[in-house]
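# Commentary on secondary and tertiary structure
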Amino acid sequence: MTSSEPTAEKIHYICQTYVETKAGRDGQAGLKIAKQYEYSTASEAQNRAEREALTEDCAGADAYMVTEDPTSGEVSDPDFLVRLGNVPVFDGY
């Protein structure tokens, strides 16, 4: 392979769940990542997020995709498929 040939980007489909953290000194409760799953399709990630969001201990769930450049290791900002429940604000736009 020569350097002029494009390298295929790799797409990752992720389901990420959140749990609420206890309020700190400022009285503000927060969120932290609880679980993270990777799937081979967008629909699998979205279905898992929908199931996880229904569980009692889950505050919220995201399903998203990111694109990885295998030559540089850089990963794109997430492209959200679904955001359910209490999820953190994403300010990458």
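Residues numbered from 1 in each chain as written. Predicted model: local features only at pLDDT ≥ 70, side-chain atom pairs only at ≥ 80, totals over all residues. Heavy atoms only, no water.

### Considering the overall build of the chain
Within the chain, the regular secondary structure consists of one helix and four strands. Listing each helix as α and each strand as β along the chain from the N terminus yields β-β-α-β-β. On C-alpha atoms alone, the chain measures out to a radius of gyration of 16 Å, which is more than a quarter above the 12 Å that the 2.2 N^0.38 rule sets for 93 residues. By principal-axis analysis of the C-alpha atoms, the chain measures approximately 55 × 30 × 20 Å. Residues counted as buried form 27% of the 93 residues belonging to the chain. In the chain, of all internal contacts separated by at least 6 residues, the share reaching a separation of at least 24 is 52%. Surface summary for the chain: the accessible area is close to 6,400 Å², and the carbon and sulfur share equals 48%. (Helix = DSSP H or I, 4+ residues; strand = E, 2+ residues; numbered from the N terminus. Rg over C-alpha atoms; globule rule 2.2 N^0.38 Å. Buried < 20%, exposed > 50% of the residue type's maximum accessible area, 1.4 Å probe, protein only. Contact = heavy atoms within 4.5 Å. Areas by Shrake-Rupley, 256 points an atom, 1.4 Å probe, with all protein chains shown as cover.)

### Comments concerning the state of the cysteines
Evaluated as defined, the whole model comprises zero disulfides. Cys15 takes part in no disulfide bond, and the closest cysteine sulfur to it belongs to Cys58, at a distance of 7.9 Å. Since its relative accessible area comes to 0%, Cys15 is described here as buried. Under the relative-accessibility criterion, Cys58 is labelled buried at 12%. (Disulfide = S-S within 2.5 Å.)

### As for the sheet that holds strand 1 (residues 10-21)
The antiparallel open sheet is built from four strands, whose spatial order is 2-1-3-4. Lying at the two open borders of the sheet, with one neighbouring strand each, are strand 2 (30-39) and strand 4 (79-85). When strand polarity is set aside, the average angle formed by the axes of neighbouring strands in this sheet is 25°. Examined bridge by bridge, strand 1 and strand 2 share nine bridges and lie antiparallel to one another. Paired with Tyr18 across the bridge in strand 2 is Ile33. (Pairing = 2+ DSSP bridges. Axes fitted to C-alpha atoms, helices over the stretch in contact; angles between N-to-C directions.)

### Focus: the confidence of the model for the chain
Per-chain confidence: the chain averages 90 in pLDDT, with 90% of residues scoring 70 or above. Element-level pLDDT for the chain is lowest in strand 2, with a mean of 95, against a maximum mean of 98 in helix 1 (residues 42-53). (pLDDT = per-residue confidence, 0-100.)

### Digging into the packing of aromatic side chains
What the rule picks out here adds up to three aromatic pairs. Between the aromatic rings of Tyr64 and Phe80, the centroid separation amounts to 5.8 Å while the plane-to-plane angle is 65°, which identifies the pairing as edge-to-face. Taken together, the positions of Tyr64 in strand 3 (residues 60-68) and Phe80 in strand 4 put the pair 16 residues apart, joining distant regions of the chain. You can call Tyr64 buried: its relative accessible area is 11%. Plain terms: the ring middles of Phe80 and Phe90 are 5.6 Å apart, the flat faces sit at 70° to each other, and that makes the pair edge-to-face. Taken together, the residues Phe80 in strand 4 and Phe90 in the segment after strand 4 connect sequence positions 10 residues apart. For Phe90, a relative accessible area of 25% puts it in the partly exposed group. Grouped by ring-pair contacts, the aromatic residues Tyr64, Phe80 and Phe90 constitute a single cluster. (Phe/Tyr/Trp six-rings, centres within 6.5 Å; stacked < 30°, edge-to-face > 60°.)

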